[in-house]
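Single-letter residue listing:
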Amino acid sequence: MRFFGWLQRLLVIVVPFGLLSRHKPRHFREMLRVLWENRGRWLYALRILRHGVCDGCSLGPRGLKDDVIPGVHLCLTRLKLLRLNTMGAIPDELLGDVGALETLSNEALHQLGRVPYPLLRRRGERGFSRVSWDEALALTAKHWSSAAPDRIGVFLTSRGLTNETYYTAQKLARIGGTPHVDTCARLCHAASSVGLKQTLGFAAPTLSLSDWLEAELIVIIGSNLPNNQPVSTKYLRAAKQRGARIVVINPFREPALERYWIPSVPTSALFGTQLMDDYFPVRPGGDIAFMSGVLKALDELRGWDETFVSAQTSGAAELRERLKAQSWDELAAEAGVSVEEMRKFAALYAGTSRAVFVYSMGLTQYEFGVDNVRMVVNLALARGMIGRPGTGVMPIRGHSGVQGSAECGADPEKLPGAVALDAENIARFEGDWQHAIPHEKGLRAAELLDRAGETGLDVLYLIGGNHLETMPDRRHARRALSQVKLRIHQDIVLNTSTLLPAEEAVLVLPAQTRYEQRSGGTSTSTERRIRFTPEIPGPRLAEAKPEWEIPCLIGAALVPKRPELFGYRDTAQIRAEMARLMPLYEGIEKLEKEGDWVQWGGPQLGRDGFPTPDGKARFSTVGLPRVDVPLGQFLLTTRRGKQFNSMTYGPTDPLTDGKKRSAILLDPRDWAELGISEGERVRVTSQAGSMEATAGSGPCRRGHAQGFWPECNALLGRKYDPASGEPDYNTAVRIERAT
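Undergrad: Any details on the sheet that holds strand 29 (residues 690-697)? Residues and values, ideally.
TA: Around the barrel, which closes on itself, the 6 strands sit in the order 22-30-27-29-28-31 with mixed pairing between neighbours. On average, each strand axis in the sheet is inclined to that of its neighbour by 45°, with strand direction left out of account. By the bridge criterion, 5 bridges tie strand 28 (residues 681-685) to strand 29 in an arrangement that is antiparallel. Bridge pairing links R683 to E692 in strand 29.

Set out below in structure tokens:
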């Protein structure tokens, strides 16, 4: 049997294109499907790919290139999003019957076509009616001006939005009197922003993608890069060719992190590329215990960089005392790995002079997400892995441009430029705008939705996004969204939340894509690189307007006596104002053509110290969190392949043996103990809800269940990290055969 297993693994490698692998996308087959989906618009699609900044993941290549390594940069994430940019309008006859639209999935709604013109549906009406832009703006201004500021909220998503949109939307919110403005970053990396700011003084990744190529060790924690950021596999391959070692810390042994077929690299497309060198299967929620054990072992090995720690940090002594007091037995039990494994990683790390830490929502989406982030920083600081080439901490973002959302002011607790909401900064913005703005902090996204569920809201302005699919506790989200008097959806397509009724009316405003908006725009990547993306010539919907302009039109209707507040001729004027008020984005005013970029902070943050009160980075003494799972239950974690926030592409996940999105994955031994066979229908129940699923086997830890997202949102309750407001997307579940 061992021989046949060895033979199977060998054949997976030697048979070209991974045809025998059960854990890879069929890249070239998918490319043919993309060609078919975009038929009739091939030239326009090609112009988008060649000249636009990618609207897929946060790496944000410009055209088919980036600024780090040569060659073509293109992935299925971007290709599957392409149709959203090229398709025509929704047929008029479909808009008059919401009941029929409600029978469609979110994915099917996206495929109907683009929102063609402003739509209005008053309470009790069967469907949407066409209205003019003048009517839509007058209705919005009427409701906004008559509402109490505390009963108005603004929320933005990230896919496709530019920095100029974030800026004008937050300006509208503040000029309109409400501090309640937030983005989808609250749902994914808010814990990173808080944790990094507390410890390093920077609420952003400290390194550039080029530092991956200089690293000797790349540590990936709680992230599946080939699924979420496929182009990153090119960086991993290039780093390995230069001698880097790749370590993965994750409860689920991601097959695509073991071997991945990179379609734009001929040899890799044929035979794949081995990525992972070492794997540490921590239990879900056990990362702090694991990293504590590594630091404890590192101290015993005298592997801390004492010179760096003494000169550049504070708080180390307290942390080291805490680590000495923790027993190895406790750390091993909570981490879910042996003491030997923690010592092994510590020895590996101690022998490394340049290391990069890359993590994602496997760390941040817990009630203790900020503590997880602070512990990663502890690990980096212990050996001085900040502020030098080939070192750093990267919370790798999911969506194109999301890094710029809070930096441009779409944050209830900060002003544009990621500056504090204090008297000095408030006076600076009020002086420039010659208009009062709220002085208090606003509600975070989940808090605003809770407010809607408790007492209702008068106006909720949603620029993209789908709370029904992305927020935990779907029943609560449905009820809360329906208790808004006027709910405004600015989007390019319909989604399931658009169809929910409102207390008085639902207004849908048709937006252009980033490639259509006149005068182009800018997008900030995960490495803090702000790139200009130009307007791409091609077909247009007559009544769709630029994403950045719609908040300006609302603002002009809201304060008609101050036309200069929102009277931007083009995005260049917006960038000029941003540069004036946001020192962080110095240089953005010079971006005006394809290929232009500026990276705020330079290649590495921390080279010249840290923007903290004492100029030093801060170690954190972090307690071990308790993740208690009742006897006989499993801890479910969510997010898998073929998913991009609330958007999904297809019913199966090629990275896990083509499992259907309805699957719940367990270790085969757990299924055997339950007396359930793969493929059987099961009922999965949590304290918050219940759903039916299909039993599937996967490389999980014992006692660990993996599910797809947003499908599993039906099981998630409302638990949030108190420090960041980020939801906890994990829950204990009971699994039994469906009856």
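Here the narrative resumes, following the displayed structure.
Undergrad: Please set out the nonpolar core residue by residue, giving values where relevant.
TA: F290, W304 and F345 are the most contacted members of the largest nonpolar core, which has 126 residues in total. Of all the elements, helix 21 (residues 369-382) adds the most residues to this core, at 9 residues.

Undergrad: Explain the side chain of Q365 to me, using residue names and the numbers behind them.
TA: Here Q365 lies in the loop between helix 20 (361-364) and helix 21. We classify Q365 as buried; its relative accessible area is 3%. There is a polar contact of 2.7 Å between the side chain of Q365 and the backbone oxygen of L187.

Undergrad: I'd like a description of the pairing of strand 16 (residues 484-491), backed by residues and values.
TA: A large share of strand 16 lies buried, amounting to 7 of its 8 residues. For strand 16 and strand 17 (residues 505-510), the ladder comprises 6 bridges, and the chain directions are parallel. Note on strand 17: the bridge partner recorded for L486 is A505.

Undergrad: Lay out unusual backbone geometry with the relevant residues and their values.
TA: A cis amide bond links W709 with the next residue in sequence, P710, at an omega value of 20°. Among the structural elements, P710 can be located in the loop between strand 30 (704-707) and strand 31 (730-737). Positioned with a positive phi, S519 is a non-glycine residue whose angle comes to about 70°.

Undergrad: For the sheet that holds strand 19 (residues 529-533), give the residues involved together with the corresponding values.
TA: Taking strand neighbours across the sheet as the criterion, the 3 strands line up as 18-19-20 in an open arrangement whose pairing is antiparallel. A single partner strand is all that each edge strand has here, and the edge strands are strand 18 (521-524) and strand 20 (597-599). Averaged over all pairs of adjacent strands, the angle between their axes in this sheet comes to 20°, without regard to strand direction. With 4 bridges connecting them, strand 18 and strand 19 associate as antiparallel partners. What sits directly across from G521, in strand 19, is T533. In the packing of helix 8 (residues 163-175) onto the sheet, the strands contacted are strand 18 and strand 19, and the crossing angle to strand 18 comes to about 95°.

What counts as what
Residues numbered from 1 in each chain as written. Predicted model: local features only at pLDDT ≥ 70, side-chain atom pairs only at ≥ 80, totals over all residues. Heavy atoms only, no water. Pairing = 2+ DSSP bridges. Helix = DSSP H or I, 4+ residues; strand = E, 2+ residues; numbered from the N terminus. Axes fitted to C-alpha atoms, helices over the stretch in contact; angles between N-to-C directions. Core = buried A, V, L, I, M, F, W, Y, C linked by side-chain atoms within 4.5 Å. Buried < 20%, exposed > 50% of the residue type's maximum accessible area, 1.4 Å probe, protein only. Polar contact = N/O pair within 3.5 Å; in protein donor to acceptor, adjacent residues only side chain to side chain. Contact = heavy atoms within 4.5 Å.

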